[in-house]
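Spelled out from the first residue to the last, the chains are:
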Amino acid sequence: MSTLKLYLDLVPWWAIILAAFGYTMIIILLPSRIRIQCALAVMVVWLMFNKLVDLGFVQALSKATAFSVYYGVGLAAVLQPGPKRRLNPLVFIYPVMAVIAFLYVMTVTDRDVALVIRFQWLVLVVSAILLMRTVTDHVGLMRVLTGLMIGAAIGLLVLLSALVLNPAATYARGLGRIFPYQANPNQIGLMFCLSVFVFGYFALRASNITTRSLMIGFGAISFGLGLLTGSRSVVVVMAIPLLPLLTAATRRPVLTVLAIGIAYGVLSWVLGMAEERQLQRLLSPTSERYELIGHYIEVIKDRPIFGLANTSGQSSGGHVGLTHPHNAYIEMLYLGGLTLAVPMGLLVCVSLGGAFYTWRHRHKLPTDPVLINCLAALMFALYFHGFVNGTIYYPTYTWSFVHVFMSLLFMTLGIETFRYVKATKVV
């Protein structure tokens, strides 16, 4: 029995419906000035809960109702007053392919669970599109980042509490890696990837020393916990969007000294609590994933066009006798073959192209150039992480929502920037 099916069996349907209805009413009643921020903060925390095994029924309910937080973000976006942004028409490939993807899993052995995942992905992409339409200016973009930051702060405190309250239990598996509330370090590490970026940016742009110090502290805690996951991909992905921030900070000596002092103290405290840490794993290049990908390529060769469509005895979670391939792009080929991977690959190319073009002309835009630097780096980091993990296309993570939103952002900014540069004849 799959994990998700177990959660669906544990949580009665009436509880799912009641929770979704109650959350809808809360979103509607919230003041419009904070509605989107609250919906995003709840999304970050609620999706994190579904990784924390020790939470019991709360974790099961979170896993079974992941779609509701995406729905809440979409509803908040629809209710947001003001003009809406026109998007690059290519963004609608996301919902079209999300609907088509149902066809690939109709005959798999875990069909019910696979259909739930496909439904959640559809809700995610529609919600991300609705949210992106509210981002008509820098204020709208900061509204989104503020919501993610608030959720990341709450989530970070929850995860830190596992290490503070019971460090021995956090290392109970004897691997020298943290398992906060029995969460898989590779999965929960993505929370730290997001946290380091948002706290770092808000620290750079904070208007007072208290807020700046708090953001630096949260960022240092995130980075420290990210190191303790023992995940090489987590550390690399944390570092990529952090580099533009560090470059910008060096131009402000006072801020640099403050950041170094706070970060050193906080990192020493966090790492000092982790007596069983084995950070040397981060320096090891060994991995069994390369061999696993080779096995999947052989499987994909047998059905390269339509993937799992009309197969029998196959699972959407991975080929018989193998774990999932730990690669978003291989998983896409396994699921739907070239008919799914080619359209989704086009979106990857357009997103990266838009990020590069926007970054190149960032000083001509009415948005903070440092933010564009960081967001472009984050876009690259998201797709880089896809080579070692399939999370960007798996709809029970904040990371997957951030991926789609960032993709929509740069697909739209890229074409808008191109039109602006062409109209003003700026080279």
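In what follows, the structure referred to is the one given above.
Now for a quick tour of the structure. It should be emphasised that the depicted structure is a prediction, and the values quoted were computed from it without experimental measurement.

## Here's the deal with the overall build of the protein chain
A tally of regular secondary structure across the protein chain gives 17 helices and 0 strands. Here the C-alpha radius of gyration of the protein chain, 21 Å, is about what a compact globule of 427 residues would show, namely 22 Å. Projected onto its principal axes, the C-alpha coordinates of the protein chain cover approximately 65 × 60 × 45 Å. Every one of the 427 residues in the protein chain was classed for burial, and the buried ones make up 55%. Of the contacts made within the protein chain by residues no fewer than 6 positions apart, 78% connect residues no fewer than 24 positions apart.

## Quick word on the packing of helix α8 (residues 138-165) against helix α11 (residues 209-228)
Here α8 crosses α11 at 55°, and the two axes come no closer than 11 Å. Taken together, the axis directions place α8 and α11 in an arrangement best described as oblique. For the pair α8 and α11, the crossing hand works out as left-handed. Together, M149, A153, L156, L157, L160 and L163 of α8 and M215, F218, I221, S222, L225 and L228 of α11 make up the contact between the two elements.

## Side note on the packing of aromatic side chains
Ring pairs (aromatic) are described by centroid distance and by the angle formed between their planes. Per the stated rule, a full pass over the model turns up 12 aromatic pairs. The interplanar angle of 65° and the centroid separation of 5.9 Å between the aromatic rings of W121 and Y393 together place this pair among those described as edge-to-face. Taken together, the residues span a long stretch of sequence, with W121 in helix α7 (residues 111-133) and Y393 in the loop between α16 (369-385) and α17 (398-424) at a distance of 272 residues. Like Y393, W121 is buried. Measuring from ring centre to ring centre gives 6.4 Å for F380 and F384, while their planes differ by 20°; the resulting arrangement is stacked. Taken together, the positions of F380 and F384, both in helix α16 and 4 residues apart, correspond to about one turn of that helix. Here F380 falls in the partly exposed class, since its relative accessible area comes to 46%. For F384, a relative accessible area of 33% puts it in the partly exposed group.

## Let's talk about helix α6 (residues 93-104)
Here α6 contains 12 residues, and its C-alpha end-to-end distance of 17 Å stays within 8% of the 16 Å for a straight helix at 1.5 Å per residue. Among the residues of α6, those classed as buried are I93, Y94, P95, M97, A98, A101 and Y104. As for α6, its buried residues are in contact with α7, α15 (328-360), α16 and α17.

## Side note on the nonpolar core
The biggest cluster of nonpolar side chains holds 133 residues, and the ones touching the most others in it are M43, Y94, L225, W399 and F401. Excluding residues that lie within four positions of it along the chain, L225 makes contacts with L156, L160, L163, I178, F192 and V270.

## Considering the pattern of salt bridges
This structure, assessed with the given rule, holds 3 salt bridges. Among the salt bridges present, the one from R205 reaches D368, with a minimum N-O distance of 2.7 Å. Taken together, the residues span a long stretch of sequence, with R205 in helix α10 (residues 185-205) and D368 in the loop between α15 and α16 at a distance of 163 residues. Here R205 falls in the partly exposed class, since its relative accessible area comes to 39%. With a shortest N-O distance of 3.4 Å, K301 and E298 are connected by a salt bridge. Placement of the pair is K301 and E298 together in helix α14 (residues 289-302), with a separation of 3 residues, close to one helical turn. Since its relative accessible area comes to 46%, E298 is described here as partly exposed.

What counts and how
- Residues numbered from 1 in each chain as written.
- Predicted model: local features only at pLDDT ≥ 70, side-chain atom pairs only at ≥ 80, totals over all residues.
- Heavy atoms only, no water.
- Helix = DSSP H or I, 4+ residues; strand = E, 2+ residues; numbered from the N terminus.
- Rg over C-alpha atoms; globule rule 2.2 N^0.38 Å.
- Buried < 20%, exposed > 50% of the residue type's maximum accessible area, 1.4 Å probe, protein only.
- Contact = heavy atoms within 4.5 Å.
- Axes fitted to C-alpha atoms, helices over the stretch in contact; angles between N-to-C directions.
- Parallel < 35°, antiparallel > 145°, perpendicular 65-115°, else oblique.
- Left-handed = near helix turned anticlockwise from the far one by under 90°.
- Phe/Tyr/Trp six-rings, centres within 6.5 Å; stacked < 30°, edge-to-face > 60°.
- Expected span 1.5 Å × (residues − 1).
- Core = buried A, V, L, I, M, F, W, Y, C linked by side-chain atoms within 4.5 Å.
- Salt bridge = Lys/Arg side-chain N within 4 Å of Asp/Glu carboxyl O.

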